[in-house]
Amino acid sequence: MASSGVAASNDEYTGSLYVFEAPVRVWHWVHALTLTVLAITGYFIANPLPSQTGEASDSFLMGNIRLVHFSAAMVFAVGLVLRLYWAIVGNRYARGMLTPPFWERVYWRRMWHEIKMYLFLTRKVAKYRGHNPLAMMFMWLFNLWLAIFMICTGFALYSQGAGADSWADTLFGWVFLIEPSSQAVRMWHYVGMWVMVAFAIVHIYMVIRADVMSRQNGISAMIDGYRRFKDDGPRSPQ
Amino acid sequence: MPAKETFYDVMRKHGITRRSFLKFCSLTAAGLGLGPEFAGKLAHALENKPRTPVIWLHGLECTCCSESFIRSGNPLAGDVILSMISLDYSDTLMAAAGYQAEELLEQTIEKYDGEYILACEGNPPLNEDGMYCIQGGKPYVEKLRHMADHCKAIIAWGSCASWGCVQAAKPNPTQATPIHKVILDKPIVKVPGCPPIAEVMTGVITYMVAFDRLPPLDRQGRPKMFYGQRLHDKCYRRPHFDAGQFVEAFDDEGARKGYCLYKVGCKGPTTYNACSTIEWNGGLSWPVKSGHGCLGCAEDNFWDKGSFYSAVTNLKVAGNVEANAEKVGGTLAAAAAIGVAAHAAGTVISKATGKRSKQAEEVNNG
Ligand code: SF4
Ligand code: SF4
């Protein structure tokens, strides 16, 4: 199957290869930036900063934190929609986030190898043009499904302030049919933030580690889009 | 009682003057958020429509809804409404008792099949076939089902009937269940709150009997005119919230200055009720005005959300273990960081010990 590159000859695993197209790269960094802003402002919405002194009319701190949170959330949501559009029209590497090839045996075989490698059960390292199967799974779980969860719960909470006739209520108000308690929705949205933070920590670690340890580049691929292989050996684990 | 009797007739019989009646109509129309012309429509409806009977049942509850109701800030409203509803059946308020009282239920069904309104205070426990609430020798849930079968619409008074409230809090040994999960085939108006505000109760019931239809409801089945916004949206301390001025402890400077109570657990931002607009006891005060945060009493499951005094609430971790969402999330992120650090250390060790064998492999692979 072409999407995971089983049939590809070893030629495609040497030198450098254009993998991450510009929209994917731009989305990645916008996503990372908005996530950071959302997590920080979100934390301070749940646990506000020490009380401001002076007249209430002189300060709009909480209001501004919320404004930044909501604005970043809009960018985050629109970014995800555009990214999903690109998953459909973009190259095969852009598709991994939407539909990892779960139906391919080779996907699971390589996944098993990655898991063994991270558990120090093997020292052999394989080459990948796009994401390795484990990374793809993480992308799918967190950047797709967790992000959708955060968008739905987030805009549902936003709709409470925006009002019952707002677009947010029309599009996301159904969340309260599943969980009528808005306090519970708020809590799950907050827990989701922490899960996202945990994912970000693991993701950053794994990318840096892969950059150092693997047979291909990591961070720079998300900057200029080119996958560079460090050796000309075969792709299979070695 | 003749079947053609109107509400107005009943009120006059109870000694309410026409002047009081008209006053009541204008006040209620205003309370419902209807325009001035509706006062006349309300009066017209109450004068001309045959009276809609109201049957008021009590399940597992504390009677705080009835208590709130009879303490309506506007005594007029209380009197008028009481004379409207006390005619039929209300365990707490009616004069009849025992067989006589239970007789009334059957009489109402006979006379007004499909026409009366069933007002439910409290909820039925379903465990042990409903044995945790027995009335007239039978489980309450049977009485509720029987009366619901013949009614036109149901009002679920208070958080008990609407959501379950304290008797449905974990672990809910009696399996107390809100009305909408027991009666599935009748229109239900939820009027949550523990208790609901008296003016909200009189407003809802007047609307229903006078206009013969349900008030406009939101997604959760609550009347929009009273539950359309959160307390937070109309709270007079909101400017302090937006400014970032919070009470940090109940005896600090901020508390004296009337800052926002969010940090000491105010649930106004997640609670739909009319406290911040109609207020309590005839507009005298409401919790935030008296310096205490909202507990979220009108919301589903508000007992099981952890401390009333913290903004971030509890989460079920596993089984019956609960913890504050803040701690759970923080622990998760910390675990990720520690795991990553440990893995990095493992990588260094693995690399050191594996260097020799890897070099050998590389030579072999050429
Ligand atoms: S006191 Fe409560 S309802 Fe009022 S602004 Fe603060 S959080 Fe909102
Ligand atoms: S302020 Fe909150 S807890 Fe108090 S009565 Fe109103 S909704 Fe219930």
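**Q** Please clarify how the overall build of chain A should be interpreted in this entry.
**A** Helix and strand counts for chain A come out as nine helices and two strands. Each helix (α) and strand (β) of chain A, taken in turn from the N terminus, gives the series β-α-α-α-α-α-α-α-α-α-β. For chain A, the spread of C-alpha atoms along the three principal axes comes to 70 × 35 × 35 Å. When the 238 residues of chain A are sorted by exposure, 50% land in the buried category.

**Q** Got a minute to help me understand the domain arrangement of chain B in this structure?
**A** A common way to express how large an interface is: the accessible area buried when the components associate. Residue and element names in this part refer to chain B. Structurally, chain B comprises domain 1 (7-226), domain 2 (231-311) and domain 3 (324-365). Between domain 1 and domain 2, the C-alpha centre-to-centre distance is 28 Å. Both faces combined, the contact of domain 1 with domain 2 buries some 1400 Å², and carbon together with sulfur accounts for 63% of it. Remark: the boundary between domain 1 and domain 2 carries one salt bridge. Glu299 is the salt-bridge partner of Arg222, the closest N and O atoms lying 3.5 Å from each other. Across the domain 1-domain 2 interface, the total number found is three residue pairs in polar contact (both at pLDDT 80 or more). Among the residues forming the side of domain 1 that touches domain 2, the class breakdown is 11 nonpolar, four polar and three charged.

**Q** Is there a simple way to explain the interface of chain B and chain A in this structure?
**A** Listed by partner, the interface residues are 50 residues for chain B and 51 residues for chain A. When chain B packs against chain A, the two sides together hide about 4200 Å² of surface, and 57% of this comes from carbon and sulfur. Connecting chain B to chain A are one salt bridge. B:Arg219 serves as the salt-bridge partner of A:Asp169, at 3.1 Å between the closest nitrogen and oxygen. Looking at the side of chain B that touches chain A, the elements that each hand over two or more residues are α11 (238-243), β8 (314-318) and α13 (325-365) of chain B. Tallying contributions element by element places α13(B) first for the side of chain B that touches chain A, with 20 residues.

**Q** Quick question: what am I supposed to make of the site of ligand 2 here?
**A** Taken together, B:Leu231, B:Thr271, B:Asn273, B:Cys275, B:Trp280, B:Pro287, B:Cys294, B:Leu295, B:Gly296 and B:Cys297 make up the full set of residues near ligand 2. A per-class count over the shell around ligand 2 returns seven nonpolar, three polar and no charged.

**Q** Sorry if this is basic, but what is going on with the site of ligand 1 here?
**A** Residues and elements named next belong to chain B. Surrounding ligand 1, one finds His232, Cys235, Arg237, Arg238, Phe241, Cys260, Leu261, Tyr262, Cys266, Gly268, Pro269 and Val288. Using a 2 Å cut-off from the grid points, one finds that ligand 1 occupies the largest cavity. The class makeup of the residues in the shell around ligand 1 is eight nonpolar, two polar and two charged.

**Q** Even after reading the chapter, I still don't get the pattern of salt bridges, so can you show me in this structure?
**A** Two side chains of opposite charge can pair, provided their charged atoms sit close to one another. Residues and elements named next belong to chain B. Under the definition given, this model contains 15 salt bridges over all chains. For the salt bridge of Arg51 with Glu5, the shortest nitrogen-to-oxygen distance reads 3.7 Å. With a gap of 46 residues between them, Arg51 in the loop between α3 (37-48) and β1 (54-58) and Glu5 in the segment before α1 (7-13) connect regions that are remote in the sequence. A single burial state applies to Arg51 and to Glu5, both of which are buried.

**Q** Can you help me understand a nonpolar patch on the surface in this one?
**A** A contiguous nonpolar patch, built from A:Trp29, A:Ile204, A:Ile208, A:Val212, A:Ile219 and A:Ile223 and spanning about 580 Å² of accessible area, is present on the exposed surface. When residues in the nonpolar patch are grouped by element, the largest group, three residues, is from helix α8 (residues 182-213) of chain A.

**Q** Would you mind showing me how to read the nonpolar core here?
**A** The tendency in soluble globular proteins is for nonpolar side chains to be buried as a group. Membership of the largest hydrophobic core comes to 56 residues, with the highest contact counts inside it found for B:Met11, B:Phe21, B:Leu46, B:Ile155, B:Trp157, B:Val191 and B:Val200. Considering each element in turn, this core owes the most residues, nine residues, to helix α9 (residues 198-211) of chain B. When residues of this core are assigned to domains, at least three fall in each of domain 1 (7-226) and domain 2 (231-311) of chain B. The residues touching B:Trp157, leaving out its near neighbours within four places in the chain, are B:Trp56, B:Cys65, B:Ala119, B:Cys120, B:Glu121, B:Gly122, B:Val191, B:Met201 and B:Ile205. Grouped together as the second largest cluster of nonpolar side chains are 35 residues, A:Ala72, A:Leu80, A:Phe172 and A:Val191 included.

**Q** Which parts of the structure should I look at to understand empty space enclosed by the protein?
**A** A probe matching the size of a water molecule, rolled over the atoms, marks out where space remains unfilled. Taken as a whole and judged by the stated rule, the model has four cavities of 30 Å³ or more. Taken as a whole, the largest cavity encloses approximately 110 Å³ of empty space. Lining of the largest cavity is provided by 14 residues; of these, B:His232, B:Cys235, B:Cys260, B:Leu261 and B:Cys266 occupy positions nearest its centre. Partitioned by chemical class, the residues of the lining of the largest cavity number 10 nonpolar, two polar and two charged. Considering only enclosed or pocket space, the second largest cavity measures out at about 80 Å³ in volume. Lining the second largest cavity are 14 residues, with A:Gln183, B:Lys267, B:Leu295, B:Phe302 and B:Lys305 sitting closest to its centre.

**Q** Hey, could you run me through the pairing of strand β3 (residues 117-121) of chain B in this one?
**A** A regular strand places its side chains so that they alternate between the two faces of the sheet. All names here are of chain B. Across the five residues that make up β3, a large majority, five, are buried. A two-sided burial pattern is seen for β3, the buried positions comprising Ile117, Ala119 and Glu121 on one face and Leu118 and Cys120 on the other. Sheet analysis places β3 next to strand β6 (residues 153-157), joined by five bridges and oriented parallel. The residue bridging Ala119 from the neighbouring strand is Ile155, located in β6.

**Q** How should I be thinking about the confidence of the model for chain B in this particular structure?
**A** Keep in mind that low pLDDT regions are not for reading the predicted coordinates in detail. When pLDDT is averaged along chain B, the result is 87, and 92% of the positions lie at 70 or above. Interface confidence for the predicted complex, given as ipTM, is 0.88, next to a pTM of 0.89.

**Q** Before we go on, may I ask you to explain the environment of A:Trp174 in this structure?
**A** Position of A:Trp174 among the secondary structure elements: in the loop between α6 (167-172) and α7 (175-178). Considered as a pair, A:Trp174 and A:Tyr43 are 131 residues apart in the sequence and their alpha carbons are 25 Å apart. Those residues in contact with A:Trp174 that lie beyond four places of it in its chain are A:Cys152 and B:Arg219.

**Q** Looking at this model, I keep getting lost on the pairing of β1(B). Mind explaining?
**A** Residues and elements named next belong to chain B. β1 sits mainly inside the fold: five of its five residues count as buried. Burial along β1 is two-sided: the face carrying Val54, Trp56 and His58 and the face carrying Ile55 and Leu57 are both buried. Pairing geometry for β1 and β3, over five bridges, is parallel. Of the residues in β3, the one forming a bridge with Trp56 is Ala119. Relative to strand β2 (residues 89-90), β1 runs parallel, the two being bridged by two bridges. Paired with Ile55 across the strands is Tyr89, a residue of β2.

What counts as what
- Residues numbered from 1 in each chain as written.
- Chains lettered and ligands numbered in written order.
- Predicted model: local features only at pLDDT ≥ 70, side-chain atom pairs only at ≥ 80, totals over all residues.
- Heavy atoms only, no water.
- Helix = DSSP H or I, 4+ residues; strand = E, 2+ residues; numbered from the N terminus.
- Buried < 20%, exposed > 50% of the residue type's maximum accessible area, 1.4 Å probe, protein only.
- Domains from an automatic or database assignment.
- Buried area = accessible area lost by both parts, 1.4 Å probe.
- Salt bridge = Lys/Arg side-chain N within 4 Å of Asp/Glu carboxyl O.
- Polar contact = N/O pair within 3.5 Å; in protein donor to acceptor, adjacent residues only side chain to side chain.
- Nonpolar A, V, L, I, M, F, W, Y, C, P; charged D, E, K, R; others polar.
- Contact = heavy atoms within 4.5 Å.
- Near = heavy atom within 4 Å.
- 1 Å grid on protein atoms, 1.4 Å probe; cavity = no way out; pocket = protein on both sides within 12 Å on 5 of 7 lines; lining within 4 Å.
- Sits in = over half its atoms within 2 Å of the grid points.
- Patch = residues over 30% accessible without salt bridge, like charges linked within 9 Å, V, L, I, M, F, W, Y side chains within 5 Å.
- Areas by Shrake-Rupley, 256 points an atom, 1.4 Å probe, with all protein chains shown as cover.
- Core = buried A, V, L, I, M, F, W, Y, C linked by side-chain atoms within 4.5 Å.
- Points joined across faces, edges and corners; volume = space filled by probe spheres on them.
- Pairing = 2+ DSSP bridges.
- pLDDT = per-residue confidence, 0-100.

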